[in-house]
Amino acid sequence: MTTSTRGAARTPAVLVLEDGRIFRGRAYGAVGETFGEAVFSTGMTGYQETLTDPSYHRQVVVMTTPHVGNTGVNDDDPESQRIWVAGYVVRDPARVPSNWRSRRPLDEELAAQGVVGISGIDTRALTRHLRERGAMRVGIFSGAAVPDDATLLARVLEVPPMKGADLAAEVATSEPYVVPAVGEKKFTVAAVDLGIKGMTAQRMAQRGIEVHVLPANATVDDVYAVEPDGVFFSNGPGDPATADHPVSVMRAVLERGTPLFGICFGNQILGRALGFGTYKLKYGHRGINQPVQDRTTGKVEITSHNHGFAVDAPLDQVSDTPFGRAEVSHVCLNDNVVEGLRLLDRPAFSVQYHPEAAAGPHDAAYLFDRFVSLMEGQRA
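Residues numbered from 1 in each chain as written. Predicted model: local features only at pLDDT ≥ 70, side-chain atom pairs only at ≥ 80, totals over all residues. Heavy atoms only, no water.

Under the annotation held in an unreviewed UniProt entry, the protein carries the name Carbamoyl phosphate synthase small chain and is attributed to Streptomyces hirsutus. The UniProt entry for the protein carries the following comment under Sequence similarities (unreviewed entry): "Belongs to the CarA family." (UniProt positions renumbered as here; feature names shortened; annotations may be inferred.)

This brings us to the environment of His362. Inspection of the secondary structure assignment puts His362 in the loop between strand 20 (348-351) and helix 10 (366-379). Taking relative accessible area as the criterion, His362 reaches 53% and is therefore assigned exposed. Along the primary structure His362 and Glu301 are separated by 61 residues, whereas in three dimensions their C-alpha atoms are 8.9 Å apart. Other than its neighbours up to four places away in sequence, His362 contacts Arg203 and Ala357. (Helix = DSSP H or I, 4+ residues; strand = E, 2+ residues; numbered from the N terminus. Buried < 20%, exposed > 50% of the residue type's maximum accessible area, 1.4 Å probe, protein only. Contact = heavy atoms within 4.5 Å.)

Here we come to the domain arrangement of the protein. When its domains are assigned, the protein resolves into domain 1 (3-156) and domain 2 (168-379). Listed as interface residues are 24 residues of domain 1 and, on the opposing side, 22 residues of domain 2. Between domain 1 and domain 2 lies a buried interface of about 1900 Å² when both sides are counted; carbon and sulfur atoms form 48% of it. By the criterion of area lost to domain 2, the three top residues of domain 1 are Pro54, Ser55 and Glu79, representing 29% of everything that side buries. Here domain 1 and domain 2 share one salt bridge between them. The closest approach of N and O atoms between Lys280 and Glu37, which form a salt bridge, is 2.7 Å. (Domains from an automatic or database assignment. Buried area = accessible area lost by both parts, 1.4 Å probe. Salt bridge = Lys/Arg side-chain N within 4 Å of Asp/Glu carboxyl O.)

If you want it as structure tokens, here you go:
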């Protein structure tokens, strides 16, 4: 991504999709150019958590809610140390933030971190286009970075697609660190960071878990050096078909029978470890209002999602895998996409969505308790 200084609100900007569709608006955040995969998020709140979610690395996020930025930016809600989105698209940015926790306007934060955005376009039309045609490559250009349309389209077509992208190591921690348990320490968990969100470790810490966050390239020896009661595989960006190393580590964990929990990218890693394939969704699930059924209880939950790939596993039968029987434990009620896996003969499960849900509903927070129950059962 190439950026210059903060753009004035009246600086022209252009959004160019790889199929040639063009939207014209005004610069929002930094002025310059940026490229990525155009995706849309249906969340009406939580934009700060969205921006700082490492799973959005190399993606240009289109907000379907029209008014963005009203609560400004604070120093308490980021999910990581920086903004990860490649670009940001809004229709009607707030002129002045109005919230007691706000420390600065959103556009100033985007500019300070070099994030090129665009405002004043018809985000509803753009979202409908992406729903019909699918997520695709995109470029945003503003200021001196705006030549003729044909040149802009040619620049967009040079961008590598998300399919085949190996990105987890680009967003993961380079050094291990520890998130201490809140109150009495009950368990130790080795968390393989593929793009982990800060709230995920906090949700475990609140349950008496000391979380050892390890780099994406951590080995099996690294995992077991912390003497874990359980192993966790996080969310993250990119194509799970490229994640051969995490898959091999997970298979070793499954061999040992250590309680295992994965979310989002971790769900896709479990799918591959069990022998299932993965595939790219047409436009993915992104937002905090996705209905998912937990098939073990029959309960329907409203959940937080951010994924463009899914596991290809049979919905209505138990499958034999190298690690025993497995079944689809959760399913999206919008489109029947696999949203969770569960092993029946070993203590391992995963979900495709975000039970930490910051921001978002807390319907799925019980999954952390389910992980604790697995570790309690193993210890007993």
